[in-house]
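Take a look at the letters that make up each chain.
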Amino acid sequence: MIENDKPETLDRLSLRERPDGVPVMRQNWWKLLFLHWPVSAEVMRPLVPERLEVDTFGGSAWVGVVPFTMTGVRLSFAPPVPFVSEFHELNVRTYVHHEGVPGVWFFSLDASSAAAVFGARTFFHLPYFNARITLEEQGNQIHYRSRRTDDPPASFEAEWRIGDGGEHFAQPDTLEFFLVERYSLYAAHREKLYRGRVHHQPYPLRDATLLSLDSTMVEAAGLRTPSEEPRVHYSDGVEVGVWPLEEL
């Protein structure tokens, strides 16, 4: 089933609340660039599990490519480990919901840490891939490069300029909120469906200008090359708690 813009069935704000219990992991997400394109919900439907409904805004599903940097990645009861707790990551995603609980469905997550790839595949059933990733920052400009070293091949290179204006927060019922304010993820493994929760403060967003983009990430997910310019959002980052998966 394709869910077509029924916000009354989705309590998006409630997921901002901190889940009960103790997070299994803590991590920091920095220098996030959100690139999003609209996609026909009918085209998206075969690419996500049948039990998940496609989440739409403005009559469209959305595909996102999000490069960023992870630091302080550790188990909640342990300190960060040098050379393991900091790496770059790039994910390709769309938005779904299950019984009214909205979240993220990942097509791929590329990381520059083999340990992170192994751990996330093993314990979170997420489609992680090894990649060589670099981030160069000069003033208010960031140059990000990623080349997957696993199959199927995929690459990404982009440069963007961060605006001089102040921070703002996405407002409920806007496209900006729909695209960036997500506090759960879905994963599938051996015919089973899982949901995981994350908790962080709302993203402090800043204006950004995309200066260049050369990417095959969307195509590697099984979608056509987008025909229009992406919606662009940027955040300096947030501190995150990650809760264990729950089988649905």
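This text follows the structure it describes.
Let me sum up the structure you'll find in this document. (Residues numbered from 1 in each chain as written. Predicted model: local features only at pLDDT ≥ 70, side-chain atom pairs only at ≥ 80, totals over all residues. Heavy atoms only, no water.)

### As for the pairing of strand β6 (residues 128–138)
Stage number 1. In this structure, strand β5 (residues 101–111) lies alongside β6, joined through three bridges in parallel fashion. If you follow Leu109 over to β6, its bridge partner there is Tyr128.
Stage number 2. Summarising the sheet, β6 and strand β7 (residues 141–148) pair through eight bridges and their orientation is antiparallel. Counted as the bridge partner of Ile133 is Ser146 from β7.
Stage number 3. Hairpin connection between β6 and β7: a loop of two residues separates the two successive antiparallel strands, and Gly139 in this loop has a positive phi of roughly 65 degrees. (Pairing = 2+ DSSP bridges. Helix = DSSP H or I, 4+ residues; strand = E, 2+ residues; numbered from the N terminus.)

### As for the packing of aromatic side chains
Stage number 1. If you walk through the whole model with that rule in mind, you get six aromatic pairs.
Stage number 2. Plain terms: the ring middles of Phe57 and Phe178 are 5.6 Å apart, the flat faces sit at 50 degrees to each other, and that makes the pair tilted. Taken together, the residues span a long stretch of sequence, with Phe57 in the loop between β2 (53–54) and β3 (61–75) and Phe178 in helix α3 (residues 175–180) at a distance of 121 residues.
Stage number 3. One aromatic cluster is present, formed by Phe57, Tyr95 and Phe178 through successive ring pairs.
Stage number 4. The lysine or arginine in question, Arg121, covers the ring of Phe129, its NZ or CZ lying 5.1 Å from the ring centre.
Stage number 5. One Lys or Arg, Arg148, reaches over the ring of Phe129 and ends 4.1 Å from the middle of that ring. (Phe/Tyr/Trp six-rings, centres within 6.5 Å; stacked < 30°, edge-to-face > 60°. Lys NZ or Arg CZ within 6 Å of the ring centre and 35° of its normal.)

### Here's the deal with the nonpolar core
Stage number 1. One finds Trp29, Leu32, Leu126, Tyr128, Leu179, Val180 and Tyr203 to be the most contacted residues of the largest nonpolar core, which totals 37 residues.
Stage number 2. The contact partners of Val180, leaving out residues within four places of it in the chain, are Phe34, Ala170, Tyr203, Leu205 and His233.
Stage number 3. Listed in part, the 35 residues of the second largest apolar core include Val54, Ala131, Tyr144 and Phe156. (Core = buried A, V, L, I, M, F, W, Y, C linked by side-chain atoms within 4.5 Å. Buried < 20%, exposed > 50% of the residue type's maximum accessible area, 1.4 Å probe, protein only. Contact = heavy atoms within 4.5 Å.)

### Some thoughts on the environment of His143
Stage number 1. Note on placement: His143 falls in strand β7.
Stage number 2. With relative accessibility at 15%, the residue His143 sits in the buried group.
Stage number 3. On a C-alpha basis, the gap between His143 and Glu159 in space is 4.4 Å, while along the polypeptide they are 16 residues apart.

### Here's the deal with the side chain of Ser235
Stage number 1. Its location among the elements puts Ser235 in strand β13 (residues 231–242).
Stage number 2. On the accessibility criterion, Ser235 (0% relative accessible area) is buried.
Stage number 3. At a separation of 3.2 Å, a polar atom in the side chain of Ser235 contacts the main-chain amide nitrogen of Gly237.
Stage number 4. Not counting residues up to four positions away in its chain, the partners in contact with Ser235 are Lys31, Leu32, Phe34, Tyr203, Pro204 and Leu205. (Polar contact = N/O pair within 3.5 Å; in protein donor to acceptor, adjacent residues only side chain to side chain.)

### Side note on the pairing of strand β8 (residues 155–162)
Stage number 1. Bridge count between β7 and β8: seven bridges; the pairing is antiparallel. Along β8, the bridge assignment pairs His143 with Glu159.
Stage number 2. Relative to strand β12 (residues 208–215), β8 runs antiparallel, the two sharing seven bridges. Opposite Arg161, over in β12, you have Thr209 as the bridge partner.

### So, unusual backbone geometry
Stage number 1. The linkage connecting Asp151 with the following residue, Pro152, adopts the cis geometry, with an omega of 0 degrees.
Stage number 2. Along the chain, Pro152 turns up in the loop between β7 and β8.
Stage number 3. The backbone of Asp173 shows a phi angle near 70 degrees, a positive value even though the residue is not glycine.
Stage number 4. Relative to the assigned elements, Asp173 resides in the loop between β8 and α3.
Stage number 5. The exposed category is assigned to Asp173, whose relative accessible area is 68%.
Stage number 6. For Arg190, which is not glycine, the phi torsion reads 50 degrees and is therefore positive.
Stage number 7. Along the chain, the position of Arg190 falls in the loop between β9 (184–189) and β10 (192–199).

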